[in-house]
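Chain and residue survey
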Amino acid sequence: MLLAWKKQGILTIAGYILGFPADTPDSIRRDIAIIKEELPIDLLEFFCLTPLPGSEDHQTLWKNSVAMDQDLNKYDVEHVCTAHPKMSQKEWQDIYHEAWQLYYTTEHMKTLLRRAAATGVPIRNLAKYLLTFSTTDRLEKVHPLQGGIFRLKHPSERRPGLPRENPWMFWPRFGWETLVKHTVLAGEIGRLLVWQTIIANGSAAHDYMDQALTPVSDDGDETLELLTKTAGGRAAVAHAKKIAALTSVQA
């Protein structure tokens, strides 16, 4: 399906929810590595599994007396707000922030640009999104969809119960933070422009191939780590085989 979209020059974005019961920091690191290797996804965005008030998940956890944060400001799918059977809240929050850095490495962003050049995905648009998705969590500690070019702050904008900050301390700190962040952004923009130009104009740009761009073979459910090493993949294969057996259709 992803390859079919790429043939039409469509840029693909997928969401990855962290915090399912079987998840651990190591399993998340493994799964991200597999995705990078085997799935031709351009952009991956991460979320924490969140029992939104009013949802069935929230009701189930409440009935089972599972600890949930009383601060509703944290129910933004970026902050851990409930207990997990295999991870502490710190481990869960740390792997959420780490996930952005695991996927948007220098080498993988170059790979994504090479895949775009080879398949007709608009490489300039991809480079623009890579800038946002690779830097926002690192610099601002918010999801990229909440990011922007210039962050607006004022010392009076504090939550109820918190003291107002001293303007003589706030503005110098805010100015320094802004300068540092935009210096980092300028460097990232320069790097992406260089990579984009070199890759797009390379003589073999359209010949690039890797495992993610290789069409899936009939034995994919036995050879792809996505389907053999991840709990969700194994469950999907088992379900497909069960349906095939019940309907007498070869899997």
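Preceding this section is the structure that the text describes.
A quick note: this is a predicted structure, and the numbers were derived from the prediction, not measured.

What follows deals with the pairing of strand 1 (residues 13-18). Note: strand 1 against strand 2 (residues 43-48), six bridges, orientation parallel. By the bridge assignment for strand 2, Leu18 is matched with Cys48. In this fold, the crossover linking strand 1 to strand 2 by way of helix 2 (residues 25-38) has right-handed handedness.

Okay, the pattern of salt bridges next. Taken as a whole and assessed by the stated rule, the structure comprises 17 salt bridges. The partner of Arg114 in a salt bridge is Glu107, with the nearest N and O atoms 3.7 Å apart. The class of Glu107 is partly exposed, set by a relative accessible area of 48%. Among the ionic pairs, Arg115 bridges to Asp210, the shortest N-O distance being 2.8 Å. Taken as a pair, Arg115 in helix 5 (residues 106-119) and Asp210 in the loop between helix 7 (167-200) and helix 8 (220-223) lie far apart in primary sequence, 95 residues in all. Exposure remark for Arg115: the relative accessible area of 2% places this residue in the buried category.

So, about the packing of aromatic side chains. Counted under the stated rule, the structure contains eleven aromatic pairs. Ring geometry for Trp171 against Phe174: centres 6.0 Å apart, planes inclined by 75°, an arrangement best described as edge-to-face. One end of the pair, Trp171, and the other, Phe174, are both in helix 7, three residues apart, so they sit about a helical turn from each other. These aromatic residues form a ring-pair network of at least three members: Tyr16, Phe46, Tyr96, Trp100, Tyr103, Tyr104 and Phe133. A cation over an aromatic ring shows up here: Lys128 above the ring of Tyr129, its NZ or CZ 5.2 Å from the ring centre.

What follows concerns helix 2. Helix length check: helix 2, at 14 residues, gives a terminal C-alpha distance of 20 Å against a target of 20 Å (1.5 Å per residue), a fit within 8%. Of all the positions in helix 2, only Pro25, Ser27, Ile28, Asp31, Ile32, Ile34, Ile35 and Glu38 are classed as buried.

Criteria and thresholds
Numbering of residues starts from 1 in every chain and runs along the sequence as written. Only residues with pLDDT of at least 70 get local features here, since the model is predicted, and only at 80 or more are side-chain atom pairs given and counted; chain-wide, interface and lining totals rely on the full set of residues. Values reported for side chains reflect all heavy atoms of the structure, with hydrogen atoms and water molecules removed beforehand. Two strands form a pair only when DSSP identifies at least two bridges running between them. What counts as a helix is a DSSP run of H or I of at least four residues, what counts as a strand is a run of E of at least two, and both are numbered from the N terminus. Handedness of a crossover: with both strands directed away from the viewer, a clockwise path from the first strand across the helix to the second marks it as right-handed. The term salt bridge refers to a pairing of a side-chain nitrogen on Lys or Arg with a carboxyl oxygen on Asp or Glu at a separation within 4 Å. For each residue, the accessible area found with a 1.4 Å probe, counting protein chains only, is set against the maximum for its type, and the residue is called buried under 20%, exposed over 50%, and partly exposed in between. Centres within 6.5 Å are what make two rings of Phe, Tyr or Trp a pair, Trp counting through its six-membered ring; a difference in plane orientation under 30 degrees is then read as stacked, over 60 as edge-to-face, and the rest as tilted. Charge-over-ring contacts are defined here by two conditions on Lys NZ or Arg CZ: a distance within 6 Å of the ring centre and an angle within 35 degrees of the ring normal. A helix is expected to span 1.5 Å multiplied by its residue count minus one.

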